[in-house]
Each structure stands twice: as structure tokens, then as C-alpha cells.
Amino acid sequence: MTKAGGMGGWTLDDIPWDRFDRSRVDPELVRIVKAAALVEHNGAAYAHHLCRIFADDPEFQETARCWGEEEVQHGRALARWARIADPNFDFERAFARFQDGFQVDFDAAESRRGSRAGEMIARCIVEVATSSYYSAMREAADEPVLQEICRHIAADELRHYRLFYKNLKRCLRYERLGRLARLKIALGRIAESEDDELAYAYYAANGDERPYERRYYSRAYAGRAFPMYRPHHIERGVAMLLKAVGVMPNGRIGRIASGLAWRTMRYRARRLTKAAA
Ligand SMILES: [Fe+2]
Ligand SMILES: [Fe+2]
């Protein structure tokens with residue numbers, strides 16, 4: 001395997017682990033870092049799914065496999081940091097629990113989004129979300145090693161977005177998928193992440209003994225993640241989303257959309273804080 005096992009050009013050895021500073025660890029961030037480690041580590045299963053969807057496209061399959069390895073590496077870096085921050089964290093056990101409970105048919109040869117272009121839109125959205133997420137986490141974190149991990153990962157996620165966007169453009173050459181249909185897929189994918197994947201990862205990672213309850217755990221997750229965001233994260237995320245949907249992100253529509261997204265997020269964050277109090 002080449003250095004980094006992919007295109008990112010970094011490995012776990014590039015992280016300055018010896019700079020870890022326990023006094024600057026925020027225990028609430030540790031909880032969501034653990035959840036993120038599980039979702040990222042599932043990247044290999046998703047790469048397999050992409051290879052099934054693009055069964056006649058060995059070039060894209062190769063890209064998808066490299067992408068999957070990079071996601072797995074994100075999971076490893078985050079898991080390692082979480083274990084330093086909390087030596088009781090049992091990553092293997094948590095990951096087994098996550099895989100058991102969060103079931104997606106990764107062997108399906110058809111995308112749930114109805115087409116290849118639809119699948120690429122959903123992938124773009126996930127990369128938009130993760131690149132904003134790690135940028136926001138880097139700025140919110142005080143612990144220098146976590147900052148460094150987030151910096152590396154956020155750069156990868158941005159590159160992943162470009163990679164899927166490029167493939168989306170290619171798919172759209174032979175598939176008809178209007179802007180409204182694209183927007184529906186994009187918004188549907190956002191709703192889905194809020195629904196289950198992250199909530200379940202949070203549940204699996206934090207080892208609570210109580211049974212899984214979606215509403216409770218999606219609040220527990222979002223109540224810790226949402227406050228990290230600042231307007232510039234949302235603006236950039238909305239611009240990337242609009243671009244994937246085929247709307248020019250500059251100008252009035254972009255401003256209106258990011259204003260709306262920001263207010264929605266603040267409103268939801270406030271409600272979550274109230275619910276937790
Ligand atoms: Fe990732
Ligand atoms: Fe990614």
C-alpha cells in the first residue's frame with residue numbers, strides 16, 4: 001500500500017500524538033468524536049456498495065475503494081484520539097454494536113436514490129456535511145491533537161466532495177435528473193443523517209445501558225454537535241449543496257438559503273438545549 005493508502009497523503013504517523021493535552025479535553029466533544037469514529041470506520045462497507053452500483057466502471061470503483069480507505073483512516077484516527085482521551089473506550093465493541101444495529105443493504109446493486117446521479121448527490125451531501133462538521137469541530141476544540149486530526153480530515157472531506165461532484169457531472173451526461181429532483185435527494189439525505197445514522201452511532205459509542213431510542217439519542221448527539229457551528233460553516237455548506245443541486249450558489253439564492261439554514265439550525269439547537277435542561 002502506498003503512503004496514506006489513498007489520495008490524502010497522510011497517515012496516523014503524521015498526527016502529533018505526543019502533543020496531547022489532557023487539560024484541554026472537552027468530555028462532551030469526546031462523546032461525539034467516538035460516534036464519528038464509528039460512522040467513518042463504516043466507510044469500507046459503503047465503498048463496497050458504490051462498487052456494486054458502478055459495477056461496469058472499474059475506474060470509478062478504484063476511486064471508490066481509495067475513498068473508502070480514507071474514510072476508514074478517519075475512523076482510526078478519531079478512535080485513537082478518543083481512546084487516549086478516555087482509556088475506557090472500547091472501539092471494537094462499540095463498532096460491533098453499531099454494525100449490528102445500523103443496517104443498510106450495502107450489497108444492493110441499486111442506489112436507494114434511484115439512479116447513479118442520485119447516489120452521487122447523496123454522496124456529495126455527506127461530504128458537505130462532514131467537511132463542515134470537522135471544520136466546526138477544529139474551531140470548537142481546544143485540544144491540539146484533535147485540532148490537527150480535524151484539520152486533516154476536513155481537507156480530505158472537501159476533496160471527497162469534489163471527487164463525487166466530478167462523477168456526478170459525468171453521470172448527468174447520460175442521466176436526466178432535474179434540479180428539483182436533485183434538491184429532493186439532497187434534502188432527503190440530510191433528514192436521514194439526522195434521523196438515525198448519527199444517533200445510533202452516538203448510542204453505540206457511548207455505551208449507555210438503556211435501550212436505543214431514536215429521539216433521545218438524536219437529541220443527545222445534535223445537542224452536542226449543533227453548538228459547534230458558526231455562520232461561515234453553514235454558508236459554505238449551503239453553497240456546496242446548491243452547487244451539487246445545480247443552482248449557482250452566488251447571489252441572492254445563496255444568501256437566502258444560508259440565512260434560512262442558519263436560522264433553522266439555531267432554532268433546533270435552542271430547542272435541544274431546552275429539552276436537555
Ligand atoms: Fe471521513
Ligand atoms: Fe469523506
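Residues numbered from 1 in each chain as written. Chains lettered and ligands numbered in written order. Predicted model: local features only at pLDDT ≥ 70, side-chain atom pairs only at ≥ 80, totals over all residues. Heavy atoms only, no water.

Enquirer: Quick one: what's the story with the pattern of salt bridges, residue by residue and with numbers?
Expert: The tally for this structure, following the rule as stated, stands at 16 salt bridges. A salt bridge links Arg24 to Asp142; the shortest N-O distance between them is 3.8 Å. Note that Arg24 is positioned in the segment before α1 (27-41) and Asp142 in the loop between α5 (116-140) and α6 (144-171), a separation of 118 residues in sequence. You can call Asp142 partly exposed: its relative accessible area is 44%. Between Glu197 and Arg189 there is a salt bridge whose closest N-O contact spans 3.3 Å. (Salt bridge = Lys/Arg side-chain N within 4 Å of Asp/Glu carboxyl O. Helix = DSSP H or I, 4+ residues; strand = E, 2+ residues; numbered from the N terminus. Buried < 20%, exposed > 50% of the residue type's maximum accessible area, 1.4 Å probe, protein only.)

Enquirer: I'd like a description of the coordination of the iron ion (ligand 2), backed by residues and values.
Expert: Only Glu71 (OE), Glu127 (OE), Glu127 (OE), Glu157 (OE) and His160 (ND1) from the protein coordinate the iron ion (ligand 2), and they sit 1.8 to 2.7 Å from it. Sequence spacing among the residues donating to the iron ion (ligand 2) works out to E-x55-E-x29-E-x2-H. Taken as a pair, the iron ion (ligand 2) and the iron ion (ligand 1) lie 3.7 Å from each other and share Glu71 as a ligand. Residue Glu71 is located in helix α3 (residues 58-85), and its partner Glu127 is located in helix α5; the two are separated by 56 residues in the primary sequence. Here Glu71 matches Glu127 in class, with each residue buried. (Donors = N, O, S within 2.8 Å, 3.2 Å for Na, K, Ca; no water.)

As far as function goes, none of this settles anything; it's purely spatial.
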